[in-house]
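Below are the chains, spelled out letter by letter.
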Amino acid sequence: MNAMVQRLSPLDVVLEQHEGAALTFEQVYSSSFNDVARWIRALGGLPADVEDLTQEVFLVVRRKLSGFDGRNLRGWLYRIAQRTVRDYRRRAWFRRVFLGGGSTPEHYDNATADADPSELFERKEAEGLLHGLLGQMSDVRRTTFILFEIEGYSGEEIAEMQGIPLNTVWTRLHHARKEFLRLVSESGHAGSAK
């Protein structure tokens, strides 16, 4: 039972199969689209915009893949996603503050369409509370918190993606958890963060 089971993502499989060889755009896209979408959610992309932001990341990848040195593809993709979300958040802030733009339209999936209206209301209220609390956290702490606690990445995977030491991941996660619990307590919803 001491053996640690390591999950291989589609990206890991493609990297193992093409070790040392240049990857095509199609290989990178098909093997890492879901990972990039998860990172975008963790970095603060709104659920309604995740697919569009993921496509933006791959537009950059298509342009820059020929110049990529082949080392740490996951980290390279993560940094592109990080910059894409950062720019998206700046544009959204600018529109809200200077142009008076409203929020993005709501998108409902099939499960949401079949749900009881009271469940929808409670889910929407909980999502709003969670996004509000996460939005108050520092960027690096929020990202680490979401990648680890919500998306299920290991500390080692987060360190590789972000190009930081593993101890930095654990430090950020420790502070993020404390900050999140403090924010929950201050919001008066302490019973919902168990």
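Presented here is an overview of the structure given in this document. The shown structure was predicted, so the numbers you read here are calculated from the model rather than taken from an experiment. (Residues numbered from 1 in each chain as written. Predicted model: local features only at pLDDT ≥ 70, side-chain atom pairs only at ≥ 80, totals over all residues. Heavy atoms only, no water.)

### Digging into the overall build of the protein chain
Moving on, step 1. Scanning the protein chain from terminus to terminus reveals 9 helices and 0 strands.
Moving on, step 2. Along the chain direction, N to C, the helices and strands of the protein chain fall in the order α-α-α-α-α-α-α-α-α.
Moving on, step 3. Among the 194 residues that make up the protein chain, the fraction classed as buried is 36%.
Moving on, step 4. Summed over all atoms, the accessible surface of the protein chain reaches about 12300 Å², with 54% contributed by carbon and sulfur. (Helix = DSSP H or I, 4+ residues; strand = E, 2+ residues; numbered from the N terminus. Buried < 20%, exposed > 50% of the residue type's maximum accessible area, 1.4 Å probe, protein only. Areas by Shrake-Rupley, 256 points an atom, 1.4 Å probe, with all protein chains shown as cover.)

### A closer look at unusual backbone geometry
Working note: non-glycine residues mostly have negative phi, and peptide bonds are mostly trans.
Moving on, step 1. Within the chain, Asn72 stands out as a residue other than glycine whose phi angle is a positive 55°.
Moving on, step 2. Mapped onto the secondary structure, Asn72 falls in the loop between α3 (50-64) and α4 (73-98).

### Let's talk about helix α2 (residues 25-42)
Moving on, step 1. Its 18 residues give α2 an end-to-end C-alpha distance of 24 Å, which sits within 8% of 26 Å, the value for a rise of 1.5 Å per residue.
Moving on, step 2. Approximately 55° is the largest bend angle found in α2, and it occurs at Ser32.
Moving on, step 3. The buried fraction of α2 amounts to 13 of the 18 residues, a majority that puts the element mostly inside the structure.
Moving on, step 4. In the segment just after α2, Gly44 is the residue with positive phi, at about 110°. (Expected span 1.5 Å × (residues − 1). Bend = angle between axes of the 7 residues up to and from the residue.)

### Description of the pattern of salt bridges
Pairing is possible between side chains of opposite charge, provided their charged atoms come close.
Moving on, step 1. Taken as a whole, this structure holds 8 salt bridges when the rule is applied.
Moving on, step 2. Ionic pairing is found between Glu160 and Arg74, a salt bridge with its closest N-O pair at 4.0 Å. With Glu160 in helix α8 (residues 155-162) and Arg74 in helix α4, this residue pair connects regions lying 86 residues apart in the sequence.
Moving on, step 3. When the shortest N-O distance is used, the salt bridge between Asp139 and Arg142 registers 2.6 Å. Residue Asp139 and its partner Arg142 are located together in helix α7 (residues 139-150), separated by 3 residues, close to a single helical turn. (Salt bridge = Lys/Arg side-chain N within 4 Å of Asp/Glu carboxyl O.)

Read these as spatial facts, not as claims about activity.
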